[in-house]
2 protein chains.
Amino acid sequence: MNTQQLAVALVSGGLDSMVAAALVRERGYRLLALSVDYNQRHRIELAAAERVAAALGAERHVVLPLDLSRFGGSALTGVTPVPKDGVGRGIPVTYVPARNTIFLSLALGWAEAAGARDLVIGVNALDYSGYPDCRPEFVAAFEGLAELATKAGVEGAAFHVHAPLQHLTKADIVREGARLGLEMGLSWSCYDPTPDELHCGLCDSCRLRAKGFGEAGVPDPTRYAAQP
Amino acid sequence: MNTQQLAVALVSGGLDSMVAAALVRERGYRLLALSVDYNQRHRIELAAAERVAAALGAERHVVLPLDLSRFGGSALTGVTPVPKDGVGRGIPVTYVPARNTIFLSLALGWAEAAGARDLVIGVNALDYSGYPDCRPEFVAAFEGLAELATKAGVEGAAFHVHAPLQHLTKADIVREGARLGLEMGLSWSCYDPTPDELHCGLCDSCRLRAKGFGEAGVPDPTRYAAQP
């Protein structure tokens, strides 16, 4: 019997969640991988999530359908165009209302059912300049809520949300991925894939990805339709 | 244009959420009703939720499929029998890991997308003797998290979780329903409906419902298969 502790890792198919989960695996955890099919326009990331979960050796991978487009309010689930004119300031239109709260809640539900006490999320310094639910104070508040919210918490267990990228830049994340020997080309970042399934190269997410590889001095395995 | 404030009410189809939403409507709110099809064995409650949302005059009713049985861990979504031997002490096997955290997160996502700042949940004194995610401290912690988690929160909005039944017993809830003139027979409580769609009369939820009507001295419109 494998007595290592289990952790439920949110795996979007993107580079950040791949590296975050790999860092927690390196700390000795067994992984359960959770992806959410929330009717994101870049649903191609779910195919990447399958590849990433397999490459990480996750013991189980659940892709949970949850149609957040029913609520509206985001360029990522609606018809508002994804911006292509460079990374701006403030909270982007690609913000999905309460997304990380919803995703961590789902991870918490699975963790409690599976006897796990550890969750993994790939939020990082870049994200939380833009997305409120990526900030360290959000992650800490969720840990507090988890203890009040669960049977396990009432019985004395503490849940820990691992956010190992929290203070890393994209270049740091790429460096960590390289150090861990990850096949980073399996991951998917683009918000607005081309019909022939290339990264567009122009959305915020493509620009940040390309910049991260560039600054880290690591060869970028990504095929971009336009040069970021 | 209707300038009343909008509130997103979690409407399960049960009596508690019906009365909770009606109390918030009485305070002057317009309602958006949210139900979750989480593969609960008592899916019949979703038909009740449709009736209840219509009776409450909800402006929109979303029934969101979210298959929590993928995670396991509860008699309400699995094959563990629902207990029939009376209301016990401690956290019941019908506890669904992190359910209210997940449901409130979804309500928060819809609220933010719709410009609403108010959520409604029907937790009450009876529930929180058994379910950790029905306690006042859980509800308060969720309000704090909502502020950190959202764009609206960062911009200064406060979210309020209305839990107007929090300190009410089932008899109090029935009395409130009667005072508000609600057609309480539209609601559904049973965890383990009979094949001909009657309340079983023996599960915890049926027993508490029948007891509530009895103690309130209000005629019980429910058709039970066995006398609770």
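Note: the structure precedes this text.
First, a word on what this report is: a plain description of the structure on this page. (Residues numbered from 1 in each chain as written. Chains lettered and ligands numbered in written order. Predicted model: local features only at pLDDT ≥ 70, side-chain atom pairs only at ≥ 80, totals over all residues. Heavy atoms only, no water.)

Focus on the sheet that holds strand 1 (residues 6–10) of chain A
Residues and elements named next belong to chain A.
Working step 1: Strand order across the open sheet formed by five strands is 3-2-1-4-5, with parallel pairing between neighbours. Each of the sheet's edge strands pairs with one partner strand only, and the pair in question is strand 3 (60–65) and strand 5 (160–162). With direction set aside, neighbouring strand axes in the sheet form an average angle of 25 degrees.
Working step 2: Note: strand 1 against strand 2 (residues 30–37), five bridges, orientation parallel. From the neighbouring strand, leucine 10 faces strand 2, where its bridge partner is leucine 34. (Pairing = 2+ DSSP bridges. Helix = DSSP H or I, 4+ residues; strand = E, 2+ residues; numbered from the N terminus. Axes fitted to C-alpha atoms, helices over the stretch in contact; angles between N-to-C directions.)

Re the pairing of strand 3 of chain A
Residue and element names in this part refer to chain A.
Working step 1: Pairing between strand 2 and strand 3: six bridges, direction parallel. Pairing of serine 35 across the sheet is with valine 63, part of strand 3.
Working step 2: Tracing the backbone out of strand 2, into helix 2 (residues 44–55) and back to the parallel element strand 3 gives a crossover that is right-handed. (Right-handed = clockwise from strand over helix to strand, strands pointing away.)

Quick notes on the pattern of salt bridges
Residue and element names in this part refer to chain A.
Working step 1: Inspection of the entire model under this criterion finds 16 salt bridges over all chains.
Working step 2: Two residues, aspartate 16 and lysine 170, come together in a salt bridge whose shortest N-O distance is 2.9 Å. Pair noted here: aspartate 16 is in helix 1 (residues 15–26) and lysine 170 is in helix 7 (residues 170–179), with a separation of 154 residues, a long-range link.
Working step 3: On the basis of relative accessibility, which here comes to 13%, the residue aspartate 16 falls in the buried class.
Working step 4: Lysine 170 gets classed as buried once you look at its relative accessible area, which sits at 11%. (Salt bridge = Lys/Arg side-chain N within 4 Å of Asp/Glu carboxyl O. Buried < 20%, exposed > 50% of the residue type's maximum accessible area, 1.4 Å probe, protein only.)

Considerations on helix 7 (residues 170–179) of chain B
All names here are of chain B.
Working step 1: All of the buried residues along helix 7 are Lys170, Ala171, Ile173, Val174 and Gly177. Angular distribution of buried residues about the axis of helix 7 spans 160 degrees; they occupy a single face of the element.
Working step 2: Contacts from the buried residues of helix 7 go to helix 1 (15–26) and helix 8 (204–216).
Working step 3: In the stretch just after helix 7, glycine 181 is the one whose phi turns positive, near 70 degrees. (Arc of directions from axis to C-beta. Contact = heavy atoms within 4.5 Å.)

Here we look at the nonpolar core
Working step 1: In this structure, A:Leu34, A:Leu106, B:Leu34 and B:Leu106 are the most contacted members of the largest nonpolar core, which totals 99 residues.
Working step 2: Discounting residues that sit within four places of it in the chain, B:Leu106 has contacts with A:Leu66, A:Leu68, A:Phe71, A:Ile102, B:Leu34, B:Val36, B:Leu64 and B:Leu66.
Working step 3: Membership of the second largest hydrophobic core comes to 31 residues, among which are B:Ala7, B:Val11, B:Tyr29 and B:Phe213. (Core = buried A, V, L, I, M, F, W, Y, C linked by side-chain atoms within 4.5 Å.)

Some words on the sheet that holds strand 1 (residues 6–10) of chain B
Residues and elements named next belong to chain B.
Working step 1: Read across the sheet, five strands follow the order 3-2-1-4-5 without closing on themselves; strand pairing throughout is parallel. Strand pairing shows two members of the sheet lacking a second neighbour, strand 3 (60–65) and strand 5 (160–162), which therefore form its edges. Sheet twist, expressed as the mean angle between neighbouring strand axes with direction ignored, is 25 degrees.

Here's the deal with the interface of chain A and chain B
Working step 1: Residue-level contacts link 40 residues of chain A with 40 residues of chain B.
Working step 2: Interface of chain A and chain B: buried area, both sides summed, is about 3400 Å²; carbon and sulfur atoms make up 71% of it.
Working step 3: Inspection of the region where chain A meets chain B yields seven residue pairs in polar contact (both at pLDDT 80 or more).
Working step 4: Those elements that place two or more of their residues in the side of chain A that touches chain B are strand 3, helix 3 (99–114), helix 5 (136–149) and helix 6 (151–154) of chain A.
Working step 5: Per element, the largest residue contribution to the side of chain A that touches chain B is nine residues, and it comes from helix 3 of chain A.
Working step 6: Class assignment of the residues belonging to the side of chain A that touches chain B gives a composition of 25 nonpolar, six polar and nine charged. (Buried area = accessible area lost by both parts, 1.4 Å probe. Polar contact = N/O pair within 3.5 Å; in protein donor to acceptor, adjacent residues only side chain to side chain. Nonpolar A, V, L, I, M, F, W, Y, C, P; charged D, E, K, R; others polar.)

Considering the packing of aromatic side chains
Between two aromatic rings, the relevant description is the distance of the centres plus the angle of the planes.
Working step 1: Scanning the entire structure with this criterion turns up four aromatic pairs over all chains.
Working step 2: Seen in terms of ring centroids, A:Phe71 and B:Trp110 are 5.5 Å apart; in terms of plane orientation they differ by 10 degrees. Their pairing is stacked. On the criterion of chain membership, the pair formed by A:Phe71 in the loop between strand 3 and helix 3 and B:Trp110 in helix 3 (residues 99–114) is interchain, its members lying in two chains. Summarising the burial analysis for this pair, A:Phe71 and B:Trp110 share the class buried. (Phe/Tyr/Trp six-rings, centres within 6.5 Å; stacked < 30°, edge-to-face > 60°.)

Describing the packing of helix 7 of chain B against helix 8 of chain B
All names here are of chain B.
Working step 1: For the pair helix 7 and helix 8, interaxial distance at closest approach is 7 Å and the crossing angle is 65 degrees. Relative to helix 8, the element helix 7 lies roughly perpendicular. In the packing of helix 7 onto helix 8, the handedness of the crossing is right-handed. Side by side, helix 7 and helix 8 meet where Lys170, Ala171, Val174 and Arg175 of the first sit next to Leu208, Arg209, Gly212, Phe213, Glu215 and Ala216 of the second.
Working step 2: Looking at side-chain class alone, the contact of helix 7 with helix 8 contains five nonpolar, one polar and four charged residues. (Parallel < 35°, antiparallel > 145°, perpendicular 65-115°, else oblique. Left-handed = near helix turned anticlockwise from the far one by under 90°.)

Some thoughts on helix 2 (residues 44–55) of chain B
All names here are of chain B.
Working step 1: Along its twelve residues, helix 2 runs 17 Å from first to last C-alpha, staying within 8% of the 16 Å computed at 1.5 Å per residue.
Working step 2: In the core, the buried residues of helix 2 are packed alongside helix 1, strand 2 (30–37) and strand 3.
Working step 3: Once helix 2 finishes, glycine 57 follows within two positions and takes phi at roughly 70 degrees, a positive value. (Expected span 1.5 Å × (residues − 1).)

Digging into the relation of the copies chain A and chain B
Working step 1: Overlay of chain A on chain B (RMSD 0.0 Å): rotation 180 degrees, translation along the axis 0.0 Å. Put plainly, the chains are arranged around a two-fold axis.
Working step 2: By residue overlap, the copies meet face to face through one surface: 100% of the interface positions of chain A are interface positions in chain B. (Least-squares fit on C-alpha atoms with pLDDT ≥ 70 in both.)

Structural notes on the packing of helix 3 of chain B against helix 5 (residues 136–149) of chain B
Residue and element names in this part refer to chain B.
Working step 1: At their nearest, the axes of helix 3 and helix 5 sit 11 Å apart, and the two run at 40 degrees to each other. Here helix 3 is positioned oblique relative to helix 5, judged by the angle of their axes. Helix 5 is crossed by helix 3, and the crossing has right-handed handedness. Contacts between helix 3 and helix 5 involve Asn100, Thr101, Leu104, Ser105 and Leu108 on the former and, on the latter, Phe138, Phe142 and Ala146.
Working step 2: Across the contact of helix 3 with helix 5, the residue classes tally to five nonpolar, three polar and no charged.

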